[in-house]
Amino acid sequence: MSATQLVACGDSELVAEKSALPAPWWGDVSPVVIDGDQFYGDPCSVTRVSVDDAGVTSAIVIFTVPRELLTICAQIEPKKNYLEYDGEFVILNVDRQTFGAGSWTGERYRSADFISWQRDIGVTWLNGEEYEAWRNVGSKSAKADAIKKVEHKEED
């Protein structure tokens, strides 16, 4: 990608000067690839990078975590993708800091369709089995909207 800047030379002559745009923040990050699109997570958002039929690359932020009082998003760590993909859900591991206390959050958000997002609200138990509890972003309910069984790996 490059940018063109018009530069005036003399009284009536315009000359086109090409200059390279700065590299995107995700330039050296390994993407999560789903259906040909590349996905990158920074500490508080998800960006989709697509290439259309004409070969034009576009990047759009498809999700930004809701703001939380007295917190800021962490700086991006070089070469780190804050996303993971488990085959069903893309999961954003949020990294932000609380003002004053200096503590870091450990939030997680997930989506199967990149439109509806859920926040990890902890663990719940059902019939003696452990489940992750997820609540829809924007929900006012105190209950989980979805649960996913936690698979524990057997140690040898």
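The shown structure was predicted, so the numbers you read here are calculated from the model rather than taken from an experiment.

Rules used throughout
- Residues numbered from 1 in each chain as written.
- Predicted model: local features only at pLDDT ≥ 70, side-chain atom pairs only at ≥ 80, totals over all residues.
- Heavy atoms only, no water.
- Helix = DSSP H or I, 4+ residues; strand = E, 2+ residues; numbered from the N terminus.
- Buried < 20%, exposed > 50% of the residue type's maximum accessible area, 1.4 Å probe, protein only.
- Contact = heavy atoms within 4.5 Å.
- Areas by Shrake-Rupley, 256 points an atom, 1.4 Å probe, with all protein chains shown as cover.
- Core = buried A, V, L, I, M, F, W, Y, C linked by side-chain atoms within 4.5 Å.
- Pairing = 2+ DSSP bridges.

(A) Region of interest: the overall build of the chain. On a plain count of helices and strands, the chain comes out with 0 helices and 14 strands. Looking at the 156 residues of the chain, the share that counts as buried comes to 26%. Long-range contacts, defined as pairs at least 24 residues apart, comprise 32% of the intrachain contacts of the chain with a sequence gap of at least 6. In the form shown here, the chain has an accessible surface area of approximately 10800 Å², with 51% of it arising from carbon and sulfur atoms.

(B) Layout of the nonpolar core. Judged by nonpolar contacts, the single largest core of 15 residues is most densely connected at Phe-39, Val-46, Phe-63, Val-65, Leu-83, Leu-92 and Trp-117. Mapped onto this core, the elements with two or more residues apiece are β3 (32–34) and β9 (90–93). In this view, Val-46 contacts Phe-39, Tyr-40, Ile-60, Val-61, Ile-62, Phe-63, Leu-83, Leu-92 and Trp-117; residues no more than four positions away in its chain are not counted.

(C) Region of the structure containing the pairing of strand β5 (residues 45–51). Within β5, 5 of the 7 residues are buried, which leaves the element mostly enclosed by the surrounding structure. Two strands pair when backbone bridges link them, and strand β4 (residues 37–42) and β5 are joined in this way by 5 bridges, in the antiparallel orientation. Residue pairing in the sheet places Asp-42 in a bridge with Ser-45 of β5. Taking the residues between adjacent antiparallel strands as the criterion, β4 and β5 are bridged by 2 residues. One ladder, built from 7 bridges, connects β5 with strand β6 (residues 57–64); its direction is antiparallel. Across the sheet, the residue bridging to Thr-47 is Val-61, located in β6. The hairpin turn running from β5 into β6, its antiparallel successor, is 5 residues long, and Gly-55 in that turn takes a positive phi close to 85°.

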